[in-house]
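Observations on the model geometry
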Amino acid sequence: RGALQVSTVNLGGILVGDGQPCAIIAELGINHGGSVLTAEKLIDVAAYAGAQAVKLQKRSIEKFYSAEEMARPLDRVFGHAAEQGWTTRGDYVRGREFGRQAYVDLNRYAQAKGLQFTASCWDLQALDDVQATRADVVILDRIEPGILPAYCTHGRTVCVGGCDEWCWLGDRTH
């Protein structure tokens, strides 16, 4: 099979591709450290820098870390982790994840700053949480069985990626 050839893609109102200006998506990831205020500051910086979009990440912690890993003491406690009193790997990873409402609120905040909001979803629960934001574009970094059909029922653009590779699956995928 040949690769899908697309010259221009509409990512929630941002045109990407041949003849289009460079689109900048500011990767916030989990650099907010679990603080909505810090995430808002990062969104402010992205807007000031001229980005068109911001991207966070969302995952269901228990799916990716074993009970043993979650109970493991942090090798070192530093910065935000020390301030929060986090002493285990579980404290650390749970503390840096936002709940559904935070994503809804951050989407509104980003839109008020003129930015498209998106998040990379690691699993089906994360996808459900991000879908609650009504984000036009969702990025799937790791493909869990059943996630693509589940996503396609929402009728939004989906990008599948990993580190340095991106594959566009379709505008308003159904």
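For the structure, check the block above.
These numbers were taken from a predicted model, which means no experiment stands behind them.

**What to know about the overall build of the protein**
The number of helices and strands found in the protein is eight helices and eight strands. Taken over 174 residues, the protein has a buried fraction of 44%. Long-range pairs, those at least 24 residues apart, make up 50% of the contacts in the protein between residues at least 6 apart in sequence. Here the protein has roughly 9400 Å² of accessible surface; of this, 53% comes from carbon and sulfur atoms.

**A short note on the pattern of salt bridges**
By the definition in use, this model includes 10 salt bridges. Residue Glu97 is joined to Arg59 by a salt bridge in which the shortest nitrogen-to-oxygen separation is 2.8 Å. You can see Glu97 sitting in the loop between helix 5 (89–95) and helix 6 (100–112) and its partner Arg59 sitting in the loop between strand 4 (53–58) and helix 2 (61–64), a full 38 residues away along the chain. For the pair Glu97 and Arg59, one class covers both residues: buried. Across the pair Asp129 and Arg100 runs a salt bridge, and its minimum N-O distance is 3.0 Å. Of this pair, Asp129 sits in helix 7 (residues 124–131) while Arg100 sits in helix 6; the two residues are 29 residues apart in sequence, bridging distant segments of the chain.

Reading guide: rules and limits
Residues numbered from 1 in each chain as written. Predicted model: local features only at pLDDT ≥ 70, side-chain atom pairs only at ≥ 80, totals over all residues. Heavy atoms only, no water. Helix = DSSP H or I, 4+ residues; strand = E, 2+ residues; numbered from the N terminus. Buried < 20%, exposed > 50% of the residue type's maximum accessible area, 1.4 Å probe, protein only. Contact = heavy atoms within 4.5 Å. Areas by Shrake-Rupley, 256 points an atom, 1.4 Å probe, with all protein chains shown as cover. Salt bridge = Lys/Arg side-chain N within 4 Å of Asp/Glu carboxyl O.

Treat this as a map of the structure, not an account of what it does.
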